[in-house]
Amino acid sequence: MTRYFAFVSDYQDQGLSLPVRHTQDSAGYDMASAVRIELTPGQTALVPTGLKAYMPPGEVLLIVIRSSWAIKKHCVLTNQVGVIDRDYVDNPDNEGHIFIPLTNNGQEPVIIERGDRIAQGIFVRFGVTDDDVAQATRTGGFGSTTH
Ligand SMILES: O=c1ccn([C@H]2C[C@H](O)[C@@H](COP(=O)(O)OP(=O)(O)OP(=O)(O)O)O2)c(=O)[nH]1
Ligand SMILES: [Mg+2]
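What counts as what
- Residues numbered from 1 in each chain as written.
- Chains lettered and ligands numbered in written order.
- Predicted model: local features only at pLDDT ≥ 70, side-chain atom pairs only at ≥ 80, totals over all residues.
- Heavy atoms only, no water.
- Helix = DSSP H or I, 4+ residues; strand = E, 2+ residues; numbered from the N terminus.
- Rg over C-alpha atoms; globule rule 2.2 N^0.38 Å.
- Buried < 20%, exposed > 50% of the residue type's maximum accessible area, 1.4 Å probe, protein only.
- Pairing = 2+ DSSP bridges.
- Axes fitted to C-alpha atoms, helices over the stretch in contact; angles between N-to-C directions.
- Near = heavy atom within 4 Å.
- Polar contact = N/O pair within 3.5 Å; in protein donor to acceptor, adjacent residues only side chain to side chain.
- Areas by Shrake-Rupley, 256 points an atom, 1.4 Å probe, with all protein chains shown as cover.
- Salt bridge = Lys/Arg side-chain N within 4 Å of Asp/Glu carboxyl O.
- UniProt positions renumbered as here; feature names shortened; annotations may be inferred.

1. With respect to the overall build of the protein chain
1) Next: A tally of helices and strands in the protein chain yields 1 helix and 11 strands.
2) Next: When its helices and strands are written in sequence order, the protein chain yields β-β-β-β-β-β-α-β-β-β-β-β.
3) Next: For the protein chain, whose C-alpha radius of gyration is 16 Å, the value lies close to the compact-globule estimate of 15 Å for 147 residues.
4) Next: With respect to the principal axes defined by its C-alpha atoms, the protein chain has extents near 50 × 30 × 30 Å.
5) Next: With 147 residues in all, the protein chain has 40% of them scored as buried.

2. Re the sheet that holds strand β6 (residues 59-65)
1) Next: Read from one edge of the open sheet, 4 strands run β2-β11-β6-β8, paired in antiparallel fashion. Each edge of the sheet is formed by a strand with only one pairing partner; in this case those strands are β2 (29-32) and β8 (82-84). The sheet shows a mean angle of 35° between the axes of neighbouring strands, taken without regard to direction.
2) Next: Relative to strand β11 (residues 117-125), β6 runs antiparallel, the two sharing 7 bridges. Its bridge partner being in β11, Leu61 is matched across the sheet by Phe123.

3. Focus on the site of ligand 1
1) Next: In the region of ligand 1, 17 residues are neighbours, and Asp85, Phe99, Gly143, Ser144 and Thr145 sit closest.
2) Next: A distance of 2.9 Å is found between an oxygen atom of ligand 1 and a side-chain nitrogen or oxygen belonging to Asn79.
3) Next: Here Phe99 contributes a backbone N or O atom positioned 2.7 Å from a nitrogen atom of ligand 1.
4) Next: Coverage of ligand 1 by the protein chains reaches 79% of its 570 Å² of free accessible surface.
5) Next: Secondary-structure elements contributing two or more residues to the shell around ligand 1 are β8 and β9 (99-104).

4. Notes on the pattern of salt bridges
1) Next: By the definition in use, this model includes 8 salt bridges.
2) Next: Linking Arg138 and Asp85 is a salt bridge whose minimum nitrogen-to-oxygen distance equals 3.1 Å. Note that Arg138 is positioned in the segment after β11 and Asp85 in the loop between β8 and β9, a separation of 53 residues in sequence.
3) Next: A cluster of three or more residues bridged by salt bridges with shared partners is formed by Arg3, Glu59 and Arg125.

5. Let's talk about the UniProt feature "domain: dUTPase-like" (unreviewed entry) in the protein chain
1) Next: The UniProt entry lists residues 18-145 under the feature "domain: dUTPase-like" (unreviewed entry), expressed in the numbering used here.
2) Next: Structurally, residues 18-145 is divided into 5% helix and 37% strand, and its ends, taken at the C-alpha atoms, are 28 Å apart.

Spelled out as structure tokens, the structure:
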């Protein structure tokens with residue numbers, strides 16, 4: 001298999017479910033919070049999913065909010081769209097653990113229950129320039145590339 005989700009070691013055997021699409025033509029794999037979190041108005045949290053993702057060369061996993069969470073709960077992805085690089089998986093820093101930065105833009109506290117599907121992941125192909133020479137390997141996420 002070349003494109004699949006798995007759990008990072010700290011979240012295996014915890015009764016969490018791997019992301020699935022909910023209809024035969026849905027683009028997104030719904031991704032759930034692995035823990036219970038309360039967000040006060042204006043608060044941001046890095047929501048752990050317990051997940052990592054494998055994908056073929058030339059693909060990226062884009063993370064976007066589920067529109068129901070944006071509309072009903074006034075929550076947004078702090079980074080608008082999450083970019084999960086293929087080389088993030090099994091990196092030495094955190095095994096490629098996917099986090100969802102979530103901000104409560106509403107006026108009321110929001111409770112995210114363990115298992116709440118707050119976002120969705122979409123595998124897409126991307127291009128690189130003809131003169132691209134990137135060769136470095138990834139060591140982590142969230143600012144890990146220093147040059
Ligand atoms: O919503 C997100 C966004 C990113 N990541 C992880 C996966 C991604 O491969 C890595 C780096 O993301 P990005 O390139 O957006 O962050 P950066 O600030 O450029 O960090 P780096 O220098 O590590 O690339 O962080 C997440 O887990 N969730
Ligand atoms: Mg980056």
